[in-house]
Amino acid sequence: MYAVINNNLYWYQHFRGKTIVLARKGQLVDYTFEEKGDVFQKTVNIDDTEISDVYNVKFYVGYKDCLVENNDIWEVGDGFPSSRPYRIEDGEACIGTFGAVSGNGWETNGRDESYKIIQLSDCSSFSVEYEYSKKDGVVCSEPVTQKAELSREELITLILTHRV
């Protein structure tokens, strides 16, 4: 999850009854953050007034594949498993599906999952989906979902922005 604090984006985690935000070295932090190795962390509460938004985000592309005909919209992002490195900033993304698919660029990690590195130039659409727990300073009683269509460049920029 992510949190926006004073217009800055941070990782937001709730673990073992404690809620923290994390920042990497080089990110803007103040005296309220504590250094923990390679990161800075700060204990927070979702009700804190300095937090304007708390959300999960997912990125999608429209892509047709002849071997997986029942899926035209795929989730993409950093950290999807693959046999080689790929970079969204180089116009590449990784898609995955359940089950063993082979051929046409697909590789499998056994019988559970298969993945394929695709070119964004081969995609027909790009979108983002936010699921807010807090939006515009107001804690949501139920998650609020917001979807938006994007250009390829906007998708790349948003994914890079969320590499905090």
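Within any chain, residue numbers begin from 1 and follow the written order of that chain's sequence. This being a predicted model, a pLDDT of at least 70 is required before a residue's local features are given, and a value of 80 or more before pairs of side-chain atoms are given or counted; all residues contribute to the totals for chains, interfaces and linings. Side-chain calculation: all heavy atoms of the structure are included, whereas hydrogens and water are not.

A. View of the overall build of the protein chain. Across its full length, the protein chain holds 1 helix and 12 strands. Reading the protein chain from its N terminus to its C terminus gives the helix and strand order β-β-β-β-β-β-β-β-β-β-β-β-α. The C-alpha extent of the protein chain, read off along each of the three principal axes, is 50 × 35 × 30 Å. Note on exposure labels: buried denotes an accessible area under 20% of the residue type's maximum, exposed denotes more than 50%, and partly exposed covers the range between, all computed with a 1.4 Å probe on protein chains only. Expressed as a percentage of its 164 residues, the buried residues of the protein chain come to 39%. Residue contacts are defined here by distance: any two heavy atoms, one from each residue, within 4.5 Å place the two residues in contact. Counted over contacts in the protein chain with a minimum sequence separation of 6, partners at least 24 positions apart contribute 47%. Surface accessibility in these figures is a Shrake-Rupley result with a 1.4 Å probe; residues are shielded only by whichever protein chains are displayed. By element, 48% of the accessible surface of the protein chain is carried by carbon and sulfur atoms, the whole surface being about 9800 Å². Each charge sign in the protein chain was given a centre, from 17 positive and 27 negative side chains, and these centres are 4 Å apart. A run of H or I in DSSP becomes a helix once it reaches four residues, and a run of E becomes a strand once it reaches two; helices and strands are each numbered from the N terminus. Residues counted as positive are Lys and Arg, residues counted as negative are Asp and Glu, and His and the chain ends are not counted. Charged groups are reduced to one reference atom each: NZ for lysine, CZ for arginine, CG for aspartic acid, CD for glutamic acid.

B. Highlighting the pattern of salt bridges. Counted as salt bridges are all cases of a side-chain nitrogen of Lys or Arg within 4 Å of a carboxyl oxygen of Asp or Glu. Tallied over the entire structure, the rule returns 12 salt bridges. Across the pair Arg152 and Glu153 runs a salt bridge whose closest N-O atoms are separated by 3.9 Å. Overall, Arg152 belongs to the partly exposed group, its relative accessible area being 32%. A cluster of three or more residues bridged by salt bridges with shared partners is formed by Arg87, Glu89, Asp90 and Arg163.

C. Here's a closer look at the nonpolar core. Core analysis: the biggest nonpolar cluster contains 30 residues, and Tyr55, Phe59, Val61, Leu120 and Leu155 have the highest contact counts within it. Of all the secondary-structure elements, those providing two or more residues to this core are strand S1 (2-5), strand S6 (51-62), strand S7 (73-76), strand S8 (92-98), strand S11 (125-135), strand S12 (138-150) and helix H1 (152-161). The residues touching Val61, leaving out its near neighbours within four places in the chain, are Asp72, Ile73, Trp74, Val76, Ile118, Leu120, Cys123, Ser125, Phe126 and Leu155. To define a nonpolar core, start from buried Ala, Val, Leu, Ile, Met, Phe, Trp, Tyr and Cys residues and group those joined through side-chain atoms within 4.5 Å. Grouped together as the second largest cluster of nonpolar side chains are 11 residues, Ile5, Phe33, Val44 and Ile51 included.

D. Looking closely at the side chain of Asp65. Relative to the elements of secondary structure, Asp65 occurs in the loop between S6 and S7. Here a polar contact is taken to be a pair of N or O atoms separated by no more than 3.5 Å, where protein atoms must pair a possible hydrogen donor with a possible acceptor and residues adjacent in sequence count only if both atoms sit in side chains. Polar side-chain contacts of Asp65 include one of 3.0 Å to the side chain of Trp106. Excluding residues within four positions of it along the chain, Asp65 makes contact with Asn104, Trp106 and Lys116.

E. Highlighting the sheet that holds strand S10 (residues 113-119). Within the open sheet, the 3 strands sit side by side as S8-S10-S9. Their pairing is antiparallel. Taken across any chain shown, the strands that pair with only one partner, and hence form the sheet edges, are S8 and strand S9 (107-108). The pairing criterion for strands is at least two bridges between them, as found by DSSP. Sheet analysis places S9 next to S10, joined by 2 bridges and oriented antiparallel. Within S10, the position partnered with Thr108 by the bridge is Ser114.

F. Just the environment of Val76, in detail. Mapping Val76 onto the fold places it in strand S7. Using a relative accessible area of 2% as the deciding quantity, one classes Val76 as buried. Sequence-wise, Val76 and Val61 are 15 residues apart; in three dimensions their C-alpha atoms are separated by 7.0 Å. Filtering out sequence-adjacent residues up to four positions away, Val76 remains in contact with Phe59, Tyr60, Val61, Ala93, Cys94, Ile95 and Ile159.

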